[in-house]
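# Coordinates in review
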Amino acid sequence: MTLDKKSQKLLDKCREMADKPEVMGACQVMLETFEEKKKEIPEEPEQKYLEMAQNIAPADVPKILEMAMKVAKSGKIKDPEVKNAAERLIRAIG
């Protein structure tokens, strides 16, 4: 995924605050929502979303944020719960 300036700035900010409880919570909610709605998401990770949510570490947050940005910008994903979960994470960092 090619990042625009705004997205790159958000990713940089994410690295600084990856261990904040509100960011970690938003990541877990997003991953749990993705697990529930995984047929809506075209790209599936090697690891299940629920496993990712249970084993999340601050170092994983930038990767999860990138997933959220892809989902938020995707025209293929229409499910509002999936979109909202991704946008909540983006707002928690932004």
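### A few points about helix H4 (residues 61-73)
Given a rise of 1.5 Å per residue, 13 residues ought to cover 18 Å, and the 18 Å separating the end C-alpha atoms of H4 matches this to within 8%. Those residues of H4 that sit buried are Val 61, Pro 62, Ile 64, Leu 65, Met 67, Ala 68, Met 69 and Val 71.

### Some remarks on the packing of aromatic side chains
Counting across every chain of the model gives one aromatic pair. Between Phe 34 and Tyr 49 the ring centres are 5.5 Å apart and the planes differ by 85°, which places this aromatic pair in the edge-to-face class. With Phe 34 in helix H2 (residues 21-36) and Tyr 49 in helix H3 (residues 49-54), this pair connects stretches of sequence that are 15 residues apart. Side by side, Phe 34 and Tyr 49 carry an identical accessibility label, which is buried.

Conventions we followed
Residues numbered from 1 in each chain as written. Predicted model: local features only at pLDDT ≥ 70, side-chain atom pairs only at ≥ 80, totals over all residues. Heavy atoms only, no water. Helix = DSSP H or I, 4+ residues; strand = E, 2+ residues; numbered from the N terminus. Expected span 1.5 Å × (residues − 1). Buried < 20%, exposed > 50% of the residue type's maximum accessible area, 1.4 Å probe, protein only. Phe/Tyr/Trp six-rings, centres within 6.5 Å; stacked < 30°, edge-to-face > 60°.

Don't take any of this as a statement about function, it's just geometry.
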